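The lines below spell out each chain.
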Amino acid sequence: QVQLVESGGGLVQAGGSLRLSCAASGTFYSINVMNWHRQAPGKQRELVAIMLRTGQTNFAASVKGRFTISRDNAKNTVYLQMNSLKPEDTGVYYCNAVVQTTAAQTLREYWGQGTQVTVSS
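What this report covers is the structure whose coordinates are included nearby. What you see is a predicted model; the values in this text were computed from it and never measured.

Cut-offs applied
- Residues numbered from 1 in each chain as written.
- Predicted model: local features only at pLDDT ≥ 70, side-chain atom pairs only at ≥ 80, totals over all residues.
- Heavy atoms only, no water.
- Salt bridge = Lys/Arg side-chain N within 4 Å of Asp/Glu carboxyl O.
- Helix = DSSP H or I, 4+ residues; strand = E, 2+ residues; numbered from the N terminus.
- Buried < 20%, exposed > 50% of the residue type's maximum accessible area, 1.4 Å probe, protein only.
- Pairing = 2+ DSSP bridges.

Describing the pattern of salt bridges
Stage number 1. Summed over all chains, the structure comprises 3 salt bridges.
Stage number 2. Where Asp89 meets Arg66, a salt bridge forms, and the shortest distance between an N and an O atom there is 2.8 Å. Taken together, the residues span a long stretch of sequence, with Asp89 in the loop between strand E8 (77-82) and strand E9 (91-100) and Arg66 in the loop between strand E6 (57-59) and strand E7 (67-72) at a distance of 23 residues.

Some words on the pairing of strand E4 (residues 30-39)
Stage number 1. Counting buried residues in E4 gives 9 out of 10 residues, a clear majority hidden from the surface.
Stage number 2. Sheet analysis places E4 next to E9, joined by 9 bridges and oriented antiparallel. The residue of E9 that forms the bridge with Gln39 is Val92.
Stage number 3. In this sheet, strand E5 (residues 46-52) lies alongside E4 in antiparallel orientation, the contact comprising 6 bridges. Of the residues in E5, the one forming a bridge with Trp36 is Ala49.
Stage number 4. Count of turn residues in the E4/E5 antiparallel hairpin: 6 residues, of which Gly42 carries a positive phi of about 75°.

As far as function goes, none of this settles anything; it's purely spatial.
As structure tokens, this is what we get:
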């Protein structure tokens, strides 16, 4: 079983920055994908950023150029660095991961409980 715990959310002024963390713990063989999603008030949940095991990344058009994603493999942690924040970035941010649970190539998906990000104007 794998647990994902997000941290780093909070209140920040427009134009500021914030770094979110997602730490994975439990029993697993490898992490294939780690992603960040967000859900703004009155909006559907959207995919914000992707990090593949290879290190390849991709971002939603709305955040490209402002957000970056990185990882610390030794800590099984991914980070979402958010710069030049806008009020429309407000929402609950969720970490999720696709993990290989055993050497037999079994894949499972896990989600964190989310962390609130509020950007004031």
